[in-house]
Amino acid sequence: MSKSFYHFLMKFRHPLPENAISVFANDAYLDHSFPKTSQEYNEVSSYLEFNGHYLESMTVFDEAWELYIHSEAKE
């Protein structure tokens, strides 16, 4: 994988979020402690379980992670 999950997630930021992943991206952008360089599922997942109060559901993270994995596999 060449880019971090955070870097990938930022492409979903939108001033008028259209879905849960866009809301997640907007909130992660505002979270200054988010593990911005991580490419590891367990690291990001653990962080969100303890600090991701803004995340509607961990299912949203899992969906975004699947998109990330597919995107990185193509590069």
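Residues numbered from 1 in each chain as written. Predicted model: local features only at pLDDT ≥ 70, side-chain atom pairs only at ≥ 80, totals over all residues. Heavy atoms only, no water.

**Let's talk about the side chain of Glu-72**
Line of reasoning, step 1. Note on placement: Glu-72 falls in helix α4 (residues 58-74).
Line of reasoning, step 2. Lys-3 is the oppositely charged side chain nearest to the buried, salt-bridge-free Glu-72, at an N-O distance of 4.4 Å.
Line of reasoning, step 3. At 3.3 Å, the side chain of Glu-72 and the backbone nitrogen of Lys-3 are in polar contact. (Helix = DSSP H or I, 4+ residues; strand = E, 2+ residues; numbered from the N terminus. Buried < 20%, exposed > 50% of the residue type's maximum accessible area, 1.4 Å probe, protein only. Lys, Arg positive; Asp, Glu negative; His and termini not counted. Salt bridge = Lys/Arg side-chain N within 4 Å of Asp/Glu carboxyl O. Polar contact = N/O pair within 3.5 Å; in protein donor to acceptor, adjacent residues only side chain to side chain.)

**Observations concerning helix α3 (residues 41-51)**
Line of reasoning, step 1. Listed in full, the buried residues belonging to α3 are Val-44, Ser-45, Tyr-47 and Leu-48. Down the axis of α3, the buried side of the element spans an arc of 160°, and every buried residue falls inside it. In α3, the exposed positions angled more than 90 degrees off the buried face are occupied by Asn-42, Glu-49 and Phe-50.
Line of reasoning, step 2. Contacts made by the buried residues of α3 are with α1 (5-9), α2 (20-30) and α4. (Arc of directions from axis to C-beta. Contact = heavy atoms within 4.5 Å.)

**Remarks on the packing of aromatic side chains**
Line of reasoning, step 1. Under the definition given, this model contains 12 aromatic pairs.
Line of reasoning, step 2. For the ring pair Phe-5 and Trp-65, a centre distance of 5.1 Å and an interplane angle of 35° mean the geometry is tilted. With Phe-5 in helix α1 and Trp-65 in helix α4, this pair connects stretches of sequence that are 60 residues apart.
Line of reasoning, step 3. Aromatic pair Tyr-41 and Trp-65: ring centres 5.4 Å apart, planes at 80°, arrangement edge-to-face. Pair noted here: Tyr-41 is in helix α3 and Trp-65 is in helix α4, with a separation of 24 residues, a long-range link.
Line of reasoning, step 4. Joined through ring pairs, the aromatic side chains of Phe-5, Phe-8, Phe-12, Phe-24, Tyr-41, Phe-61, Trp-65 and Tyr-68 make up one cluster.
Line of reasoning, step 5. In this structure, Arg-13 is placed above the aromatic ring of Tyr-29, and the distance from its NZ or CZ to the ring centre is 3.5 Å. (Phe/Tyr/Trp six-rings, centres within 6.5 Å; stacked < 30°, edge-to-face > 60°. Lys NZ or Arg CZ within 6 Å of the ring centre and 35° of its normal.)

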